[in-house]
Amino acid sequence: MTHPRHPADPSRLAALARYGVLDTPPEPDFDDLARVAAYVCGTPIALVSLVDRDRQWFKAEVGLGLRETPLSQSICRHAMLEPGLFVVPDALQDERFATNPLVTGPPPLRFYAGAVLETEEGLPLGTLCVLDHRPRTLDAAQQDALRALARQVMTVLELRRLTARQSQMLEELRRTQEQLKVLAATDALTGLANRRAFRDRLKQEQALIDRKGLPASLLMMDLDHFKRINDTYGHPAGDEVLRHFARLCGQVFRASDLVARWGGEEFIALLPRTTLREALCVAERLRLALAAQPVAVEGGGAIPVTTSIGAIEMAPLQPVGRTLRELDRRLYAAKAAGRNAVVADTGAGPSSGA
């Protein structure tokens, strides 16, 4: 088991990953803190150094010209072993660093001072460090300032993490709201639009027809003898018949059409940019397709299903309620004509039937 302050410690690496900062572009907040550290300490180099599993990566750097180095060359990994400030007055005289390529140069790095970047749980992420090409020390005020600036780096990291988390939560909330909107507009059994969503869309289409006079048609469909299906085969089989019809509608209608479960075994479809003649062709395809595909039920049986359909073309400036009442009359005319039929005019016979 590794020590919590060791570079390879899993809990430390997990804490570092939570900040989502590795390999991100430079950011002014971190760059400014590195520049202030170099200025206060009077050094040509300052780094916001984050220690990964096998490298140290610099979120901000002044005067070094590198974005990362191998962990084997890192002085910061030694600084992390103890909390607080780690100072190496002359790295060339320290056996831990005397053969480090960064120390042997050129140009050689001789002085190092690093304040540990530490989470609230006491896990080290790296350091805010300053370096010089000559041996030297920091006075007490500079040491205090470097520690204070390291705390500011952690504050910025925390704010950055919280902002990212807030953005993620807002996106999750947006997706949830979209899902709720879909659920509120969807029939749970069939996955089609529900009655309320269809009415809202129908009002929009009527307004478009009123303004531009574009054609649109409606079909109202009722599954024939559905109560008999429930009584004979049971409600689960009846539910499967409804789902089967919904799937068939998905094959027959266009993506631009809107099909809804109107209630019980009744369905309704809006066909924008569609004349009554064109809508009758769609209705007939649906009627024939349903009659040709009995619904398989548990146990190996098959239920023959047909539908009666009323059709109407929407008219400019005609109230939606009046259009729906007339559509309903045409549906009942199709049922009165013997079912398994399509009717577009209550004054005439069905366009086709059983």
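Refer to the structure presented above.
The structure displayed is predicted, hence computed values, not measured ones. (Residues numbered from 1 in each chain as written. Predicted model: local features only at pLDDT ≥ 70, side-chain atom pairs only at ≥ 80, totals over all residues. Heavy atoms only, no water.)

### Details of the overall build of the protein chain
Working step 1: Along the protein chain, the regular secondary structure elements total 10 helices and 13 strands.
Working step 2: Radius of gyration (C-alpha) of the protein chain: 37 Å, far over the 20 Å computed for a compact globule of 354 residues.
Working step 3: By its C-alpha atoms, the protein chain is 105 × 55 × 30 Å across when sized along the principal axes.
Working step 4: When burial is assessed residue by residue, the protein chain has 46% of its 354 residues classed as buried.
Working step 5: By sequence separation, contacts in the protein chain at least 24 residues apart represent 63% of the contacts at least 6 residues apart.
Working step 6: On the protein chain, roughly 17,700 Å² of surface is accessible, and the fraction owed to carbon and sulfur atoms is 54%. (Helix = DSSP H or I, 4+ residues; strand = E, 2+ residues; numbered from the N terminus. Rg over C-alpha atoms; globule rule 2.2 N^0.38 Å. Buried < 20%, exposed > 50% of the residue type's maximum accessible area, 1.4 Å probe, protein only. Contact = heavy atoms within 4.5 Å. Areas by Shrake-Rupley, 256 points an atom, 1.4 Å probe, with all protein chains shown as cover.)

### A short note on the environment of valine 48
Working step 1: Tracing the backbone through its elements, the reader meets valine 48 in strand E1 (residues 45-51).
Working step 2: Taking the relative accessible area as the measure of exposure, valine 48 reaches 1% and is therefore buried.
Working step 3: Note: C-alpha distance between valine 48 and alanine 255 (207 residues apart in sequence) is 54 Å.
Working step 4: Apart from residues no more than four positions distant in its own chain, valine 48 is found in contact with Phe30, Trp57, Phe58, Lys59, Ala60, Leu117, Thr127, Leu128 and Val153.

### Thoughts on the pattern of salt bridges
Working step 1: Inspection of every chain in the model, using the stated rule, returns 26 salt bridges.
Working step 2: Between arginine 174 and glutamate 171 there is a salt bridge, and its shortest N-O distance comes to 2.6 Å. Taken together, the residues span about one helical turn, with arginine 174 and glutamate 171 both in helix H5 (residues 140-184) at a distance of three residues.
Working step 3: Overall, the relative accessible area of 41% leaves arginine 174 in the partly exposed class.
Working step 4: Notably, a salt bridge pairs glutamate 326 with arginine 330, separated by 3.1 Å at the nearest N-O pair. Placement of both glutamate 326 and arginine 330 in helix H10 (residues 320-336) is noted, with a separation of four residues, approximately one turn of the helix. (Salt bridge = Lys/Arg side-chain N within 4 Å of Asp/Glu carboxyl O.)

### Examining the side chain of aspartate 224
Working step 1: Residue position: aspartate 224 is located in the loop between strand E7 (216-223) and helix H7 (226-233).
Working step 2: Notably, aspartate 224 is buried but unbridged: the nearest opposite-charge side chain belongs to arginine 339, and the N-O separation is 4.0 Å.
Working step 3: A polar contact is formed between the side chain of aspartate 224 and the backbone nitrogen of asparagine 340, at a distance of 2.9 Å.
Working step 4: Discounting residues that sit within four places of it in the chain, aspartate 224 has contacts with Ile229, Thr306, Thr307, Ser308, Arg339 and Asn340. (Lys, Arg positive; Asp, Glu negative; His and termini not counted. Polar contact = N/O pair within 3.5 Å; in protein donor to acceptor, adjacent residues only side chain to side chain.)

### Here's the deal with the packing of H7 against helix H8 (residues 235-252)
Working step 1: Where H7 contacts H8, the two axes come as close as 7 Å, and the packing angle between them is 140°. Judged by the angle between their axes, H7 and H8 are oblique. In this structure, H7 contributes Phe226, Ile229, Asn230 and Tyr233 to the contact, and H8 contributes His235, Ala237, Gly238, Val241 and Leu242.
Working step 2: Partitioning the contact of H7 with H8 into residue classes produces six nonpolar, three polar and no charged. (Axes fitted to C-alpha atoms, helices over the stretch in contact; angles between N-to-C directions. Parallel < 35°, antiparallel > 145°, perpendicular 65-115°, else oblique. Nonpolar A, V, L, I, M, F, W, Y, C, P; charged D, E, K, R; others polar.)

### A short note on the nonpolar core
Working step 1: One finds Leu219, Leu223, Phe253 and Leu286 to be the most contacted residues of the largest nonpolar core, which totals 33 residues.
Working step 2: At the level of secondary structure, the elements contributing two or more residues to this core comprise E7, H7, H8, strand E9 (266-272), helix H9 (276-291) and strand E12 (307-313).
Working step 3: For this core, the leading source of residues is H8, giving eight residues.
Working step 4: Each residue touching phenylalanine 253, except ones within four places of it in the same chain, is listed here: Leu219, Met221, Val259, Ala269, Leu271, Val282 and Leu286.
Working step 5: Of all hydrophobic cores here, the second largest spans 31 residues; its members include Leu33, Leu50, Ala60 and Val130. (Core = buried A, V, L, I, M, F, W, Y, C linked by side-chain atoms within 4.5 Å.)

### Brief notes about empty space enclosed by the protein
Picture a little ball the size of a water molecule; that probe, rolled over the atoms, points out where space is still empty.
Working step 1: Counted under the stated rule, the structure contains one cavity of 30 Å³ or more.
Working step 2: Leu47, Gln56, Leu102, Leu109 and Leu131 are, among the 13 residues lining the largest cavity, the residues nearest its centre.
Working step 3: At the level of secondary structure, the elements contributing two or more residues to the lining of the largest cavity comprise strand E2 (55-62) and strand E6 (124-132).
Working step 4: Grouping the amino acids of the lining of the largest cavity by side-chain chemistry returns 10 nonpolar, three polar and no charged. (1 Å grid on protein atoms, 1.4 Å probe; cavity = no way out; pocket = protein on both sides within 12 Å on 5 of 7 lines; lining within 4 Å. Points joined across faces, edges and corners; volume = space filled by probe spheres on them.)

### As for the packing of aromatic side chains
Working step 1: For the structure shown, the criterion picks out four aromatic pairs.
Working step 2: Ring centres of phenylalanine 86 and tyrosine 112 lie 6.1 Å apart, and the angle between their planes is 65°; this geometry places the pair in the edge-to-face category. Taken together, the residues phenylalanine 86 in strand E4 (residues 85-88) and tyrosine 112 in strand E5 (residues 111-118) connect sequence positions 26 residues apart.
Working step 3: Taking the relative accessible area as the measure of exposure, tyrosine 112 reaches 2% and is therefore buried.
Working step 4: Summarising the aromatic geometry, the rings of phenylalanine 198 and tryptophan 262 are spaced 5.9 Å apart at their centres and angled 80° between planes, so their arrangement reads as edge-to-face. A residue pair is termed long-range when its members are at least 10 positions apart, and phenylalanine 198 in helix H6 (residues 195-212) and tryptophan 262 in strand E8 (residues 258-263) qualify at 64 residues. In this pair, the class of phenylalanine 198 matches that of tryptophan 262, namely buried.
Working step 5: Following the ring pairs from residue to residue traces out a cluster consisting of Phe86, Phe97 and Tyr112.
Working step 6: Taking NZ or CZ as reference, arginine 136 lies 5.3 Å from the ring centre of phenylalanine 111, over its face. (Phe/Tyr/Trp six-rings, centres within 6.5 Å; stacked < 30°, edge-to-face > 60°. Lys NZ or Arg CZ within 6 Å of the ring centre and 35° of its normal.)

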